[in-house]
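Coordinate analysis (summary)
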Amino acid sequence: MLVVTTEKIEGYKIAEVKGPAFGLIVRSRGIGGDIMAGLKSLVGGEIKQYTAMLEDSRKEAMDRMIKNATEMGANAIIMMRYDSGEIGTNMSEIVAYGTAVIVEKI
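To start, this report covers the structure provided alongside it.

Analysis parameters
- Residues numbered from 1 in each chain as written.
- Predicted model: local features only at pLDDT ≥ 70, side-chain atom pairs only at ≥ 80, totals over all residues.
- Heavy atoms only, no water.
- Helix = DSSP H or I, 4+ residues; strand = E, 2+ residues; numbered from the N terminus.
- Contact = heavy atoms within 4.5 Å.
- Buried < 20%, exposed > 50% of the residue type's maximum accessible area, 1.4 Å probe, protein only.
- Phe/Tyr/Trp six-rings, centres within 6.5 Å; stacked < 30°, edge-to-face > 60°.
- Lys NZ or Arg CZ within 6 Å of the ring centre and 35° of its normal.
- Core = buried A, V, L, I, M, F, W, Y, C linked by side-chain atoms within 4.5 Å.
- Expected span 1.5 Å × (residues − 1).
- Pairing = 2+ DSSP bridges.
- Axes fitted to C-alpha atoms, helices over the stretch in contact; angles between N-to-C directions.

**Some points on the environment of isoleucine 14**
- Residue placement: isoleucine 14 occurs in strand S2 (residues 12–28).
- In the structure, isoleucine 14 is positioned 62 residues away from alanine 76 in sequence and 9.2 Å away in space, judged by C-alpha atoms.
- Once you skip the residues sitting within four places of it in the chain, isoleucine 14 turns out to touch Glu7, Ile78, Val101, Ile102 and Val103.

**Concerning unusual backbone geometry**
- The phi torsion at methionine 79 lies on the positive side, around 55°, for a residue other than glycine.
- Structurally, methionine 79 can be placed in strand S3 (residues 76–87).
- Since its relative accessible area comes to 29%, methionine 79 is described here as partly exposed.

**Examining the packing of aromatic side chains**
- Enumeration according to the criterion identifies zero aromatic pairs in this entry.
- The ring centre of tyrosine 82 lies 4.2 Å from the NZ or CZ of arginine 58, which sits over that ring.

**A few points about the nonpolar core**
- Counting residues in each nonpolar core, the largest one holds 11 residues, listed as Ala21, Ile25, Ala61, Met65, Ala69, Ala74, Ile77, Met80, Ile94, Ala96 and Ala100.
- Secondary structure elements with two or more residues in this core: S2, helix H2 (48–71), S3 and strand S4 (91–105).
- Ile9, Ile78, Val101 and Val103 belong to the second largest nonpolar core, which has six residues in total.

**Overview of H2**
- Taking 1.5 Å as the rise per residue, H2 with 24 residues should run 34 Å; its terminal C-alpha atoms sit 35 Å apart, in good agreement.
- Buried within H2 are the following residues: Tyr50, Met53, Ser57, Ala61, Met65 and Ala69.
- Phi turns positive, to about 90°, at glycine 73, one or two residues after H2.

**Some thoughts on the sheet that holds strand S1 (residues 2–3)**
- Ordered in space as S1-S3-S4-S2, the four strands form an open sheet in which the pairing is mixed. Where the open sheet ends on each side, the last strands, each with one partner, are S1 and S2.
- Bridge count between S3 and S4: 10 bridges; the pairing is antiparallel. Across the sheet, residue isoleucine 78 finds its bridge partner in S4, namely threonine 99.
- Together, S1, S2, S3 and S4 form the strand contacts of H2, whose direction differs from that of S2 by roughly 140°.

Put into structure tokens, the structure is as follows:
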């Protein structure tokens with residue numbers, strides 16, 4: 001599956017637009033992580049547990065988006081983006097989305 005953040009893919013033409021594809025994941029920070037983050041925020045610096053959690057979440061959201069596009073019959077996703085938000089006080093939502101298309105090599 002070709003996944004790009006651009007409107008076009010060099011060397012390909014868009015033969016068909018299948019529609020929006022997305023992958024969503026919601027993750028909760030554990031109480032241990034919250035305590036460690038609170039302590040780390042006192043001295044400053046990167047909170048590696050959260051960085052790792054968000055990296056994993058982005059990968060999972062992208063995998064889910066690719067699965068969604070594959071089920072639609074697409075072979076590429078254009079205009080791919082991420083969005084994120086918080087739910088409550090300890091949950092993060094990550095969504096990967098783009099336009100599922102069928103491309104053909106020129």
